[in-house]
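# Residue-level structural notes
The residues making up each chain are set out below.
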Amino acid sequence: MPQLSLNEIRARATAFARDYRDASSENADAQNFWRDFLHCFGITARRVGAFERPVRRSTGTGRIDFLWKGKLLVEHKSRGEDLDAAGRQARDYFPGLKDEDLPRWIITSDFARIRLHDLESGAEREIALRDLPANLALFDFISGYTARPAPPANPVDAQAVEAMGRLHDLLDQSRFAGRDLDLWLVRVLFCLFADSAGIFESGLFRELLDRHAREDGDDLGALLDRLFAVLDTPEARRSPALAEHLARFPYVNGALFGEKAARPETTGAMRAALLDACKVDWSQVSPAIFGSLFQTVKDRAARRAGGEHYTTEANILKCLDPLILDALRAELAAATTRPRLAALLQRLRRVRVFDPACGCGNFLVVAYRELRRIELAALARLYGGDAAGQVASLSAGAVNVDQMFGIELEDWPAQIARVALWMTDHLMNLEHSREFGALLTRIPLVTAPRILSGVNALHEDWNAFCPAGPDVACVGNPPFVGAKFMTAAQQADRAMVFAGARNAGLLDYVTCWHRKAAGWMEEDPAAEACFVSTNSITQGEQPAVLWGVLWPLGVVLNFAHRTFQWTSEARGKAAVHCVILGFALRPRAQRRLWDYEAARGPAREVAGVTQINPYLVDGPMVALPRRGEPICDVPAIGIGNKPIDGGHYLFTEAERDAFIAAEPGAAPFFRPWVGADEFLYGYTRWCLWLGDAAPEALRALPRCRERIGAVAAFRKASKSPPTRALAATPTRFHVENMPGGPALILPEVTSETRRCIPLAMVTPPTLASNLVKLMPNATPWHFGILSSAMHMAWVRAVCGRLESRFRYSAGIVYNNYPWPTPTGAQRAAVERAAQAVLDARAAWPGATLADLYGPATMPPNLARAHDALDRAVDAAYAAPRGGFPTEAARLAFLFARYAALTAPLDARPAPARRRRVT
């Protein structure tokens, strides 16, 4: 295992990059450079390798700048020298090395740049020295690790969930429900854990069920009722006549068993289910299991209505690590003296973690466990093997569950949260005991978590419950309910929290917690907050609305995770795309941003982030308004035709043929009809367009007149006054967009898995539906730009979504898009590349656009044509040499260009006077 924490390595790498930023001479600085480089990872250079190692080479004897046998060879040059030549020189040493001494990795450097070549995989990567702290993952072969690994899946978790799920189902079938069921299950859960984790004598609870409950289970409820009463009674107050099989149980307290509750009518199946649950080693269940348990025992429809989703431990740590834990671990790594360790312990005891939508307490459980582990490491350094000193220090006041604060609307998850924290406390006491060889126990329970249940967090004064402060972290996973799916009560909550804000009706429910947290932090701006949220609040119209409220309060994003695929421990897990926003009223010196490949896979930290805007891009602090016209000199786009006809004017091919066979005079009035599906999947529909038909022509077409009458009746029956008004002109559409020449067509909703949104040209007499966008007067230049990687980066960052699919809008996406200003040659190059894309598509006449742009079906010739188009468009944007290395770089460039183009158009309003919301 590595000796240094990742935060210590990052801190050392930051100092190293600063110390050598001006170094230039190989002779003067190279050896110190590599000694200090290895020191960043806790490695002493002389212990693992040698400088100036002599070796035979093709041109005579040479000297390797640094060789770590079997692992690493370093070739260093003065600033500005050729690293390609340095790499060739490094390989020229290989014939003179023994097989066992041959390295796997070569590093070449000129101080300003560090280039790493993995000889086994062939991968090569170059970074600037200043970016070393953000790219430590490249050097995991030195450090031993580069990221805290996500906890592996634990099979015990699944067993525990299923065991409790079966027990709940049996109780539910017996009509035992409500708060009584909640309390009974929570108490059973604690007993199962206590039986595995040493709170009870090992196996005592299982023995009670096995030996003292009848096989038919008839007396099980009464037996457990007696047990719960015993667990709530101190040993000194128990009757001397108490049966031995009950007297052996300890006094627990903590109010867990104090409340009177009904007991269920029990059966043999329930007894069997409980005995099966006893076979699970509950001491090995991860903290994330409690969220799974909560989902398991609740009705699925109710779960969706409440907007509840439960995070895995890995996702919880994505919030907690950068919010508070990384800083504490860094402080631990730097605490090399007794006063500094003592100061860290005092700080740990001041920490408060507050989850204002705590559910079953997953965030609080993981936070508490990690705080206890940091405390344990500090105590181990401070006291060494002195068990008495360690125990004495804990009794004087240690990290405890009363530092965990939560607000929860429902009582059942709040009960789970309390028990989960007590369980975690016991597990951490066992870790302390193993470390110091002295038993640490907190049974009976004296200290309790601060969980406020049965109240709506949005109606509470957060500062009255958990005051903001420098060591207080607000964190959680508030309800995910979209703006269009909120109940009347949730809409009322949003109206209250965002009172006076323009367009607040566009905001998802989760944004209420962001606004409340901003008001909470105004009490003490040293506090910080972090929430998991649906990614919709960083896309489309919502960012401008939300940040129109948060910016005047001084809110800044200090860290964030861009869109990633939700993972849950629960049965029936929800498919959700999320973001994580870490925000405060004070900017940190270093911002941090993580990105994901196609919203899946591991997180990748973006290097050199200076600020994070509402779209989670390292770029200018802008929020895109809905604009009525483009910011650049390009054609306007709009929707196609919107008939509002009840389907009476739309026909399949067979229906059109039958209609014409019955009424041949209608043939000239049929036009091809293209919506998003017809466009992408290549099938044909037809529209009966009678808006231009002469009265005398309609007089001879009785079947057409029947359709006109049906449309008029459909419109008259509408509840919408504007639609009823359209009944007066039944041959016309509500929206008519019929260009007289070629127009570019773009589907409004399309899959996010395609390389780009498929585009094509349509010509009269084809009519487009309102499910596509139309650009009249389009040219190959417009087609090329809108089909490029640059435009798609913009789409992925700002476009609204339908589920995870893109929902392209004119007002947000197109009208705000910063087009390039090319030279004549650059424009011509884009147009040639655009035509080459069309030619590549034409080579596959039997394929639909969905086929041509499917992730697994895109033809190689089309992919190559798009590669060439992307290079031409990048050149038109004056891309840096080698293009844009990442999508984050593209977006930073695009947002900077947007800010420059719109500066004369937009002026940021003066900050409003701060108003605290409680």
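Being a predicted model, the structure only gives us computed values, none of them experimental.

Looking only at helices and strands, the chain has 34 helices and 26 strands in total. For the chain, with 918 residues in total, the buried portion stands at 54%. Of all intrachain contacts in the chain linking residues separated by at least 6 positions in sequence, the fraction that spans at least 24 positions is 73%. Only carbon and sulfur atoms are counted for the fraction: they give 52% of the accessible area of the chain, which is about 38800 Å².

Our focus in this paragraph is the nonpolar core. Among the nonpolar cores identified, the biggest contains 101 residues, and Phe 205 and Leu 224 are the most heavily contacted of them. Per-element tally for this core: the top contributor is helix H7 (residues 178-197), with twelve residues. Residues in contact with Leu 224, not counting those within four places in the same chain, are Trp 184, Val 188, Phe 205, Leu 209 and Leu 274. In this structure, Ile 757, Trp 794, Val 837 and Tyr 877 belong to the second largest nonpolar core, which totals 67 residues.

A full pass over the atoms with the stated rule returns 43 salt bridges. Across the salt bridge formed by Arg 214 and Asp 218, the nearest N and O atoms sit 3.8 Å from each other. With relative accessibility at 44%, the residue Arg 214 sits in the partly exposed group. Here Asp 218 falls in the partly exposed class, since its relative accessible area comes to 46%. Here Glu 678 makes a salt bridge to Arg 685, at a shortest N to O gap of 2.6 Å. One connected set of salt bridges, linked through shared partners, spans Glu 313, Asp 321, Asp 326, Arg 329, Arg 369, Glu 370, Arg 373, Arg 592 and Glu 605.

It is worth spelling out the state of the cysteines at this point. By the definition in use, this model includes zero disulfides. Not part of a disulfide, Cys 191 finds its nearest cysteine sulfur in Cys 278, a span of 9.4 Å.

What follows deals with the sheet that holds strand S5 (residues 113-118). Read from one edge to the other, the open sheet built from six strands follows the order S1-S2-S3-S4-S5-S6, with strand pairing classed as mixed. Strands at the two margins of the open sheet, each flanked by one partner only, are strand S1 (50-57) and strand S6 (124-128). The sheet shows a mean angle of 30 degrees between the axes of neighbouring strands, direction not considered. Note: strand S4 (residues 105-109) against S5, five bridges, orientation antiparallel. By the bridge assignment for S5, Ser 109 is matched with Ile 114. Sheet contacts for helix H2 (residues 26-40): S1, strand S2 (60-68), strand S3 (72-76), S4 and S5; angle to S3, the most-contacted strand, approximately 150 degrees.

Turning our attention to empty space enclosed by the protein. Empty space among the atoms can be located by rolling a probe the size of a water molecule over them. For the coordinates displayed, the defined rule picks out four cavities of 30 Å³ or more. Taken as a whole, the largest cavity holds about 50 Å³ of empty space. If you list the elements that add at least two residues to the lining of the largest cavity, you get strand S20 (743-747) and strand S24 (772-776).

Our focus in this paragraph is the packing of aromatic side chains. For any pair of aromatic rings, geometry is given as the distance between the ring centres together with the angle between the planes. Inspection of the entire model under this criterion finds 37 aromatic pairs. Consider the rings of Phe 37 and Phe 139, whose centres lie 5.4 Å apart with planes at 80 degrees: the pair is edge-to-face. Of the two residues, Phe 37 is situated in helix H2 and Phe 139 in the loop between S6 and helix H5 (140-143); the sequence distance between them amounts to 102 residues. Residues Phe 37 and Phe 139 agree in their burial class; the two are buried. Ring-pair connections join several aromatic residues into one group, and the members of that group are Phe 16, Tyr 20, Phe 33, Trp 34, Phe 37, Phe 41, Phe 111 and Phe 139. Positioned over the ring face of Phe 564 is Lys 318, at 4.1 Å from the centre of the ring. Cation over ring: Arg 656 sits above Trp 686, and NZ or CZ is 4.0 Å from the ring centre.

Spatial strand order, S16-S24-S20-S22: four strands in an open sheet with antiparallel pairing. The outermost strands of the open sheet, each flanked by one partner alone, are strand S16 (638-639) and strand S22 (760-762). Note: S20 against S22, three bridges, orientation antiparallel. Of the residues in S22, the one forming a bridge with Ala 743 is Val 762.

What follows is about helix H33 (residues 860-876). Given 3.6 residues per helical turn, the α-helix brings residues three or four places apart onto the same face. With 17 residues, H33 extends 25 Å between its outermost C-alpha atoms, agreeing within 8% with the 24 Å of an ideal straight helix rising 1.5 Å per residue. Of the positions making up H33, those classed as buried are Leu 862, Ala 865, His 866, Leu 869, Asp 870, Ala 872, Val 873, Asp 874 and Ala 876. The elements touched by buried residues of H33 are helix H28 (780-786), helix H29 (789-798), helix H31 (824-842), helix H32 (849-852) and helix H34 (887-902). Trailing H33 by a residue or two, Ala 878 shows a phi angle of about 55 degrees, which is positive.

Attention shifts here to the confidence of the model for the chain. Residues at a pLDDT of 70 or more form 89% of the chain, whose mean pLDDT is 87. In the model of the chain, helix H13 (residues 300-305) stands out as the element of lowest mean pLDDT, 39, in contrast to strand S7 (residues 352-355), which has the highest, 98. Segment residues 145-154 is flagged for pLDDT under 50; beyond a separation of four residues in sequence, or across chains, it makes 21 contacts in the model. Predicted confidence is poor over residues 908-918, with pLDDT under 50, and the contacts of this stretch with residues over four places away or in other chains come to 26 contacts.

The next thing to look at is helix H20 (residues 488-497). Listing the buried residues of H20 in full gives Gln 490, Asp 493, Arg 494 and Val 497. One side of H20 holds all its buried residues, which, seen down the axis, span an arc of 95 degrees. Residues Ala 488 and Ala 495 are exposed on H20 and point more than 90 degrees away from its buried face.

Turning our eyes to something else, we now look at the side chain of Arg 715. With respect to the element layout, Arg 715 can be found in helix H26 (residues 702-716). At a separation of 3.0 Å, a polar atom in the side chain of Arg 715 contacts the main-chain carbonyl oxygen of Leu 726. Dropping the residues within four chain positions of it, Arg 715 is found in contact with Pro 643, Ile 644, Thr 723, Arg 724, Leu 726, Ala 727, Thr 729, Pro 730, Arg 732, Phe 733 and His 734.

Turning our eyes to something else, we now look at the environment of Glu 375. When you line up the elements, Glu 375 lands in helix H16 (residues 362-383). Judged by relative accessible area, Glu 375 falls into the buried class, the value being 0%. Sequence spacing of Glu 375 and Leu 345 is 30 residues, and the spatial spacing of their C-alpha atoms is 6.5 Å.

This part is about the environment of Ala 518. Examined against the element boundaries, Ala 518 turns out to sit in helix H21 (residues 511-521). Between the alpha carbons of Ala 518 and Glu 528 there is a distance of 9.0 Å; along the sequence they are ten residues apart.

Here the focus is the pairing of S20. Among the five residues in S20, five count as buried, and that is most of the element. By the alternation rule, side chains of S20 split into Ala 743, Ile 745 and Pro 747 and Leu 744 and Leu 746, which are all buried.

Another aspect to go through is the packing of helix H8 (residues 204-212) against helix H9 (residues 220-231). Following both chains from N to C, one finds H8 and H9 inclined at 145 degrees, their axes separated by 11 Å at the closest point. Our pair here, H8 against H9, has a crossing hand that is right-handed. Contact residues: Phe 205, Leu 208, Leu 209 and His 212 in H8; Leu 220, Leu 223, Leu 224 and Leu 227 in H9. Here the contact of H8 with H9 is composed, by residue class, of seven nonpolar, one polar and no charged.

Another point: the pairing of strand S10 (residues 472-476). Burial of S10 is extensive: five of the five residues sit out of reach of the surface. Burial along S10 is two-sided: the face carrying Val 472, Cys 474 and Gly 476 and the face carrying Ala 473 and Val 475 are both buried. Both S7 and S10 contribute to a ladder of three bridges, which runs parallel. Among the inter-strand pairings, Arg 352 is bridged to a residue of S10, identified as Val 472. In terms of strand pairing, S10 meets strand S11 (residues 528-534) through four bridges, oriented parallel. Bridging across to S11, Gly 476 finds its partner in Phe 531.

What counts as what
Residues numbered from 1 in each chain as written. Predicted model: local features only at pLDDT ≥ 70, side-chain atom pairs only at ≥ 80, totals over all residues. Heavy atoms only, no water. Helix = DSSP H or I, 4+ residues; strand = E, 2+ residues; numbered from the N terminus. Buried < 20%, exposed > 50% of the residue type's maximum accessible area, 1.4 Å probe, protein only. Contact = heavy atoms within 4.5 Å. Areas by Shrake-Rupley, 256 points an atom, 1.4 Å probe, with all protein chains shown as cover. Core = buried A, V, L, I, M, F, W, Y, C linked by side-chain atoms within 4.5 Å. Salt bridge = Lys/Arg side-chain N within 4 Å of Asp/Glu carboxyl O. Disulfide = S-S within 2.5 Å. Pairing = 2+ DSSP bridges. Axes fitted to C-alpha atoms, helices over the stretch in contact; angles between N-to-C directions. 1 Å grid on protein atoms, 1.4 Å probe; cavity = no way out; pocket = protein on both sides within 12 Å on 5 of 7 lines; lining within 4 Å. Points joined across faces, edges and corners; volume = space filled by probe spheres on them. Phe/Tyr/Trp six-rings, centres within 6.5 Å; stacked < 30°, edge-to-face > 60°. Lys NZ or Arg CZ within 6 Å of the ring centre and 35° of its normal. Expected span 1.5 Å × (residues − 1). pLDDT = per-residue confidence, 0-100. Arc of directions from axis to C-beta. Polar contact = N/O pair within 3.5 Å; in protein donor to acceptor, adjacent residues only side chain to side chain. Left-handed = near helix turned anticlockwise from the far one by under 90°. Nonpolar A, V, L, I, M, F, W, Y, C, P; charged D, E, K, R; others polar.

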